[in-house]
Number of protein chains: 2
Amino acid sequence: MVPHLTTALTGPLLELEKHFLDNACAIERWMRTQWQEHLPPFYGSTDLRNSGFKLAPVDLNLFPGGFNNLNDAFLPLCVQAAQAAIERICVGARSILLVPENHTRNQFYLQNVAKLVSILRLTGLEVRLGSLLPEITEPTVVELANGATLTLEPLIRNGRRLGVKDFDPCAVLLNNDLSAGIPALMKDLHDQWVIPPVHAGWHARRKSNHAAAYDRVTRDFGEAIGIDPWRINPAFDTCSGLDFHARTGEQELADKVSKMLGEIRTKYQEYGVTDEPFVVVKADAGTYGMGVMTVKDASELIGLNRKQRNKMSVVKEGLEVHDVIIQEGVHTFETLNGAVAEPVVYMMDHYVVGGFYRVHTQRGRDENLNAPGMHFEPLAFEAPCSLPDCNQSPDAPPNRFYAYGVVARLALLAASVEIEETEPLLLEEATA
Amino acid sequence: MVPHLTTALTGPLLELEKHFLDNACAIERWMRTQWQEHLPPFYGSTDLRNSGFKLAPVDLNLFPGGFNNLNDAFLPLCVQAAQAAIERICVGARSILLVPENHTRNQFYLQNVAKLVSILRLTGLEVRLGSLLPEITEPTVVELANGATLTLEPLIRNGRRLGVKDFDPCAVLLNNDLSAGIPALMKDLHDQWVIPPVHAGWHARRKSNHAAAYDRVTRDFGEAIGIDPWRINPAFDTCSGLDFHARTGEQELADKVSKMLGEIRTKYQEYGVTDEPFVVVKADAGTYGMGVMTVKDASELIGLNRKQRNKMSVVKEGLEVHDVIIQEGVHTFETLNGAVAEPVVYMMDHYVVGGFYRVHTQRGRDENLNAPGMHFEPLAFEAPCSLPDCNQSPDAPPNRFYAYGVVARLALLAASVEIEETEPLLLEEATA
């Protein structure tokens with residue numbers, strides 16, 4: 001079962017997918033050479049939007065939380081890719097500490113943690129779970145809906161190493177995005193591999209850095225493969241020094257939004273797209289779909305009511321929003337039984353290991369499907385993303401999945417570049 | 001459907017499989033560090049024998065010919081592993097020439113070639129087939145039973161590069177074992193990647209070199225993991241200067257066989273095994289199960305009749321046999337509906353990508369199932385070899401497959417060591 005692509009404009013999409021298919025050799029070789037230059041993140045996931053005329057990532061998560069939603073048939077792919085990642089990052093490791101998010105009541109998230117634990121164990125690592133929750137003061141068994149259990153243990157700091165009782169792991173794998181900053185316990189762990197590096201956490205990460213890196217990656221890719229990068233790259237801009245409560249910067253934001261809407265309109269005309277352009281304004285440091293709004297006309301930003309201002313001004317962990325990214329909106333034209341379906345692609349090392357659709361029945365195609373408390377039905381990809389088939393139509397499932405995988409890997413590559421460029425030591429040197 | 005392990009002595013086997021399960025972390029870490037020291041072959045397959053008390057490889061093929069027998073569900077694993085191999089060996093490659101065996105009438109082999117072509121294409125390489133057959137003087141389309149076709153093209157030598165018409169590939173992948181020696185066309189291809197290196201062909205390869213390398217690999221492994229290497233390693237010896245026709249060396253061979261049978265008997269007593277020991281005498285340079293005989297008593301080697309001497313004295317491509325390897329026989333105690341079943345494990349890079357059983361209804365458990373003209377029914381492994389499950393019995397399919405994968409990877413590692421040690425330049429330096 002694969003969502004239906006419903007758009008008046010299937011032409012340009014088939015054109016994009018066909019171009020990917022026809023140039024698969026050049027694409028794969030380009031990818032191979034890029035990964036010689038950049039260290040792939042241990043894992044990552046990306047939310048894609050498929051508008052028919054544009055297939056683009058709108059988010060790249062370095063702490064993916066939905067491994068439980070992948071097709072079980074692809075578990076061996078995950079294990080093989082995780083082995084590659086461990087060889088690349090921490091070849092001598094025999095044990096690893098997984099630090100999850102603090103969502104101990106979210107059954108879906110706990111199943112993601114359980115799946116990650118089993119993948120890591122299958123690569124041959126001893127795995128334990130260390131929790132940042134203050135209430136975890138002793139080993140605590142959490143029951144999962146499927147009858148399995150997880151044991152969360154309090155973290156123990158020992159010199160420049162982190163562990164749990166009687167467990168001094170070689171490596172620490174974060175599945176916690178550090179939105180609230182780097183806890184004291186996790187600072188300066190110089191004697192262990194910390195994966196991903198802590199500066200990739202959301203306390204420091206900025207969507208705009210990622211967008212800038214993706215912009216360069218897609219420009220290079222477009223040149224190498226012969227496509228207009230706009231077809232896979234949402235335009236972006238930033239706006240700083242905002243205070244939504246005090247209504248500071250409102251006009252500047254509206255002006256920038258207006259400019260971008262105009263530019264999108266021009267591109268739509270070039271490609272004969274008749275849909276209504278929109279942009280998404282997001283907190284530059286935000287996550288979990290908090291601090292996000294969809295705008296079709298810049299005037300919507302002038303005189304926001306209290307509720308709207310509250311919504312935009314605070315993100316996860318209560319952090320105030322002063323900087324936003326303005327991102328070109330990409331319509332979602334994929335639907336399943338009338339419900340909007342948004343693909344999410346999962347990667348380990350530089351391999352695509354599966355994915356799923358977020359299928360949502362209550363939202364429109366230009367709205368954010370990853371918002372707080374949002375319910376979605378996951379629909380696992382039925383086929384892997386690595387088996388394009390030239391004998392089938394460009395939009396046949398293996399080929400649509402291949403196109404997802406290409407764009408997802410570009411987003412992952414941008415994340416690698418972003419992590420390199422935001423490395424604190426490097427930044428210190430640059431400003432010294 | 002998984003073959004049944006029928007032996008009075010399941011105890012020791014479960015003990016071995018249980019030991020692998022209990023020590024999976026140590027095993028995987030040991031493997032990871034070994035592969036830091038040695039370059040994995042592009043691909044390889046190994047024939048295993050499972051006697052209940054012993055699980056051991058009896059052959060390691062560097063030109064595997066049964067990719068068509070693998071479970072289709074594992075194709076993505078093959079693609080991912082092949083990507084890893086290409087990154088490791090020839091990262092910049094955009095095109096590859098596959099040189100198959102000359103078996104153009106063997107539908108099974110042709111399907112193997114077709115599967116290899118599709119795996120290579122899915123990694124993003126342009127692929128063409130160059131044939132060593134003199135009668136292929138122009139592009140020749142060969143039809144496969146499943147309706148697909150392959151195009152064989154005559155090889156064209158150009159300076160230090162090999163190709164076919166209008167195709168100058170970056171790399172040459174051999175699926176031809178070069179039993180007849182290195183064809184002039186293929187000598188000194190210094191401007192291309194040749195995979196595997198030509199000295200891994202059977203014109204130069206010796207089973208005894210592989211066995212010696214495997215001996216060392218399993219000794220190290222046994223020490224690291226705490227098992228008696230005999231449990232996974234068939235004893236071997238060599239005998240040179242034989243002439244079966246002239247009956248030269250007969251007595252020396254018989255004496256060596258007698259000695260080995262005595263040693264096996266001692267080991268059987270140690271482990272309480274009541275089965276009858278046997279050895280297999282094989283041409284050291286042979287392949288395809290030619291020049292092979294099973295011996296239970298050394299006296300069988302004295303006064304071989306003409307037919308037996310003929311059988312032993314010539315192998316593939318009509319080469320005469322002067323050197324043999326004497327290998328401890330390993331009983332096959334795996335059966336499917338009463339038929340003997342022998343596992344064959346397939347690997348690409350250092351990953352296990354699947355396997356199948358050779359199921360044969362007419363042969364005994366101590367006979368060679370890979371003999372000329374032998375018919376077998378392939379039964380693809382139903383599960384991957386990378387998902388051991390401690391919650392199931394040590395002999396449950398995922399755990400038996402895991403054990404196969406461990407032993408197969410040891411054989412592959414031995415092949416890496418063997419290829420390194422037999423590198424002509426290295427040998428020249430050693431003798432200089």
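Here the structure is a predicted model, which means the values were calculated and not measured.

## Details of the sheet that holds strand 7 (residues 149-154) of chain B
Residues and elements named next belong to chain B.
Part 1: Taken in spatial order, the six strands make up an open sheet running 6-7-5-4-10-11, and their pairing is mixed. Looking at the sheet topology across the chains shown, the edges are occupied by strand 6 (140-143) and strand 11 (193-195). Going across the sheet, the axis of each strand differs from the next one's by a mean of 30°, ignoring polarity.
Part 2: In this sheet, strand 10 (residues 171-175) lies alongside strand 4 (residues 95-100) in parallel orientation, the contact comprising five bridges.

## Regarding helix 4 (residues 107-122) of chain A
Residues and elements named next belong to chain A.
Part 1: Over its 16 residues, helix 4 extends 22 Å from the first C-alpha to the last, a length consistent with the 22 Å expected when each residue adds 1.5 Å.
Part 2: If you check which residues of helix 4 are buried, you get Y109, L110, N112, V113, K115, L116, V117, I119, L120 and L122.
Part 3: For helix 4, the N-terminal capping position is held by N106, with its side-chain oxygen 2.9 Å away from the main-chain nitrogen of F108.
Part 4: Downstream of helix 4 by one or two residues, G124 has phi in the positive range, about 95°.

## Considering the pairing of strand 17 (residues 339-348) of chain B
Residue and element names in this part refer to chain B.
Part 1: A large share of strand 17 lies buried, amounting to 10 of its 10 residues.
Part 2: Burial along strand 17 is two-sided: the face carrying A339, A341, P343, V345 and M347 and the face carrying V340, E342, V344, Y346 and M348 are both buried.
Part 3: In this structure, strand 2 (residues 43-50) lies alongside strand 17, joined through five bridges in antiparallel fashion. Across the sheet, the residue bridging to S45 is Y346, located in strand 17.
Part 4: For strand 16 (residues 334-336) and strand 17, the ladder comprises two bridges, and the chain directions are antiparallel. Bridging from a neighbouring strand, T335 pairs with V340 of strand 17.

## Concerning the interface of chain A and chain B
Part 1: The partner chain B presents 33 residues to the 33 residues of chain A that form the contact.
Part 2: Approximately 3000 Å² of surface area, both sides summed, lies buried where chain A meets chain B, with 54% of it carried by carbon and sulfur atoms.
Part 3: At the boundary of chain A with chain B, the tally comes to zero salt bridges.
Part 4: The interface formed by chain A and chain B includes 12 residue pairs in polar contact (both at pLDDT 80 or more).
Part 5: Listed by contribution, the elements that provide at least two residues to the side of chain A that touches chain B are helix 2 (24-37), helix 3 (75-90) and strand 18 (351-360) of chain A.
Part 6: Sorting elements by how many residues they give to the side of chain A that touches chain B places helix 3 of chain A first, with 11 residues.
Part 7: For the side of chain A that touches chain B, a count of residues per class yields 18 nonpolar, eight polar and seven charged.

## Considering the sheet that holds strand 15 (residues 324-328) of chain B
Residue and element names in this part refer to chain B.
Part 1: Here we have four strands laid out as an open sheet, ordered 12-15-13-14, and antiparallel in their pairing. With one partner strand each, in any of the chains shown, strand 12 (236-239) and strand 14 (292-295) form the two edges of the open sheet. When strand polarity is set aside, the average angle formed by the axes of neighbouring strands in this sheet is 20°.
Part 2: Relative to strand 15, helix 6 (residues 250-271) is tilted by about 20°, and along the sheet it contacts strand 12, strand 13 (279-283), strand 14 and strand 15.

## Regarding the pattern of salt bridges
Part 1: Using the criterion set out here, one finds 44 salt bridges over all chains in the structure.
Part 2: Between E342(B) and R49(B) there is a salt bridge; the shortest N-O distance is 2.7 Å. One end of the pair, E342(B), is in strand 17; the other, R49(B), is in strand 2, and 293 residues separate them in sequence.
Part 3: Residue classification places E342(B) among the buried positions, given a relative accessible area of 1%.
Part 4: With a relative accessible area of 7%, R49(B) lands in the buried category.
Part 5: Salt bridges sharing common partners tie together D47(A), R49(A), E342(A) and R358(A).

## Details of the packing of helix 5 (residues 207-225) of chain B against helix 8 (residues 397-421) of chain B
Residues and elements named next belong to chain B.
Part 1: Packing of helix 5 against helix 8 brings their axes to within 8 Å, and their N-to-C directions diverge by 125°. When the interaxial angle is binned, helix 5 and helix 8 end up oblique. Crossing hand, helix 5 versus helix 8: right-handed. Where helix 5 abuts helix 8, its residues N209, H210, A213, Y214, R216, V217, T218 and F221 lie against V406, V407, L410, A411, L413, A414, A415, V417, E418 and E421.
Part 2: Grouping the constituent residues of the contact of helix 5 with helix 8 by class yields 12 nonpolar, three polar and three charged.

## Description of the confidence of the model for chain A
Part 1: The predicted model of chain A averages 90 in pLDDT, with 91% of residues at 70 or higher.
Part 2: Interface scoring of the predicted complex returns ipTM 0.91; its pTM is 0.93.

## Concerning the environment of E320(B)
Residues and elements named next belong to chain B.
Part 1: Tracing the chain through its elements places E320 in the loop between helix 7 (306-313) and strand 15.
Part 2: Given the relative accessible area of 53%, E320 is considered exposed.
Part 3: Each C-alpha atom of the pair E320 and A283 lies 9.1 Å from the other, and the pair is 37 residues apart in sequence.

## Details of the packing of aromatic side chains
Residue and element names in this part refer to chain A.
Part 1: One pass over the full model with this rule turns up 32 aromatic pairs over all chains.
Part 2: Here W30 and F221 contribute two aromatic rings whose centre-to-centre distance is 5.2 Å and whose plane-to-plane angle is 75°, an arrangement assigned as edge-to-face. Within this pair, whereas W30 is found in helix 2, its partner F221 is found in helix 5 (residues 207-225), the two being separated by 191 residues in sequence. Just as W30 is buried, F221 falls in that class too.
Part 3: The structure contains a cluster of three or more aromatic residues connected by ring pairs, namely F42, Y43, F67, Y346, F356 and F376.
Part 4: Seen from the ring of W202, K207 lies directly overhead, with NZ or CZ sitting 4.9 Å from the centre.
Part 5: Sitting over the ring of F376, R358 keeps its end group 5.2 Å from the ring centre.

About the criteria used
Residues numbered from 1 in each chain as written. Chains lettered and ligands numbered in written order. Predicted model: local features only at pLDDT ≥ 70, side-chain atom pairs only at ≥ 80, totals over all residues. Heavy atoms only, no water. Pairing = 2+ DSSP bridges. Helix = DSSP H or I, 4+ residues; strand = E, 2+ residues; numbered from the N terminus. Axes fitted to C-alpha atoms, helices over the stretch in contact; angles between N-to-C directions. Expected span 1.5 Å × (residues − 1). Buried < 20%, exposed > 50% of the residue type's maximum accessible area, 1.4 Å probe, protein only. Polar contact = N/O pair within 3.5 Å; in protein donor to acceptor, adjacent residues only side chain to side chain. Contact = heavy atoms within 4.5 Å. Buried area = accessible area lost by both parts, 1.4 Å probe. Salt bridge = Lys/Arg side-chain N within 4 Å of Asp/Glu carboxyl O. Nonpolar A, V, L, I, M, F, W, Y, C, P; charged D, E, K, R; others polar. Parallel < 35°, antiparallel > 145°, perpendicular 65-115°, else oblique. Left-handed = near helix turned anticlockwise from the far one by under 90°. pLDDT = per-residue confidence, 0-100. Phe/Tyr/Trp six-rings, centres within 6.5 Å; stacked < 30°, edge-to-face > 60°. Lys NZ or Arg CZ within 6 Å of the ring centre and 35° of its normal.

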